[in-house]
Each structure stands twice: as structure tokens, then as C-alpha cells.
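# Survey of secondary and tertiary structure
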Amino acid sequence: VTMEEEEIVLPIRDMDVVVNGQTIHMSGKSKYYFVDIFDYIDFDLKKVHGTRLITNIDGHRAAFIEELHDEATVDVYWEK
């Protein structure tokens, strides 16, 4: 097996983040991204409930594909 043929397998890990003031325990993946929080919270992205969707990680605007870190503070809500 050459180096190019070897697969790098990252360990599965758990992580806690605070989403809208509530601690969420995430599990089953090696990396977590902002978009993954929607698997854990009840938030319908299909229905607009304001003028702009606010997505923050630790106080800065977050991209949906931004990686999360343990104990991150996440805000996701509709601005009215």
C-alpha cells in the first residue's frame, strides 16, 4: 500500500456547543460544522420568520460550512 492509497481515518468524537442559550451534545462525527446544528435543534429554514437569518459562532458571522469547536456559542435566529 502506497501513501496515496492509504485512507486517513479521523476518530469519532463528541462535542458540546451552546445554541441559542441551550447546551447541545453532538455525537457520531469526527468534525462538526455549523450546518450540523440543525440536526439537533428545531429550526425550520424553509419558512422565513423575519427579514434576515442571523448565524453566529462566538459572536462572529458564521458560514454554514464553518467548522465548530467544543463549547462554541452559536446563535441562529430570524432578525425581525
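### Here's the deal with the environment of D39
Relative to the assigned elements, D39 resides in the loop between β2 (22–29) and β3 (52–57). On a C-alpha basis, the gap between D39 and M26 in space is 9.1 Å, while along the polypeptide they are 13 residues apart.

### Some details on the sheet that holds strand β4 (residues 60–61)
The sheet built from five strands is open, its strands ordered β2-β1-β5-β3-β4 with mixed pairing. Unpaired on one side and paired on the other, β2 and β4 mark the two borders of the sheet.

### Focus on the pattern of salt bridges
Per the stated rule, a full pass over the model turns up two salt bridges. Residue D36 is joined to K29 by a salt bridge in which the shortest nitrogen-to-oxygen separation is 2.8 Å. The class for D36 is buried, based on a relative accessible area of 8%. Between E79 and R52 there is a salt bridge, with its nearest N and O atoms 3.3 Å apart. A residue pair is termed long-range when its members are at least 10 positions apart, and E79 in strand β5 (residues 73–79) and R52 in strand β3 qualify at 27 residues. By relative accessible area, R52 is classed as partly exposed at 38%.

### Here we look at the pairing of β3
Within β3, five of the six residues are buried, which leaves the element mostly enclosed by the surrounding structure. Where β3 meets β4, two bridges bridge the pair, whose relative direction is antiparallel. The residue of β4 that forms the bridge with N56 is R61. Between the end of β3 and the start of β4, which pair antiparallel, lie two residues, with D58 showing a positive phi angle near 50 degrees.

### Topic: the environment of F64
When you line up the elements, F64 lands in the loop between β4 and β5. When the C-alpha atoms of F64 and I37 are compared, they prove to be 9.8 Å apart, with 27 residues separating the residues in sequence. In contact with F64, other than residues within four places in its own chain, are Y33, F34, V35, F38, L45, L53 and T55.

### Notes on the pairing of β5
Pairing analysis gives two bridges linking strand β1 (residues 13–19) to β5, with the strands arranged parallel. Within β5, the residue paired with V19 across the bridge is V74. Pairing of β3 with β5, which is carried by six bridges, proceeds in the antiparallel orientation. Each bridged residue has a counterpart across the sheet, and for I54 the counterpart in β5 is Y77.

Cut-offs applied
Residues numbered from 1 in each chain as written. Predicted model: local features only at pLDDT ≥ 70, side-chain atom pairs only at ≥ 80, totals over all residues. Heavy atoms only, no water. Helix = DSSP H or I, 4+ residues; strand = E, 2+ residues; numbered from the N terminus. Pairing = 2+ DSSP bridges. Salt bridge = Lys/Arg side-chain N within 4 Å of Asp/Glu carboxyl O. Buried < 20%, exposed > 50% of the residue type's maximum accessible area, 1.4 Å probe, protein only. Contact = heavy atoms within 4.5 Å.

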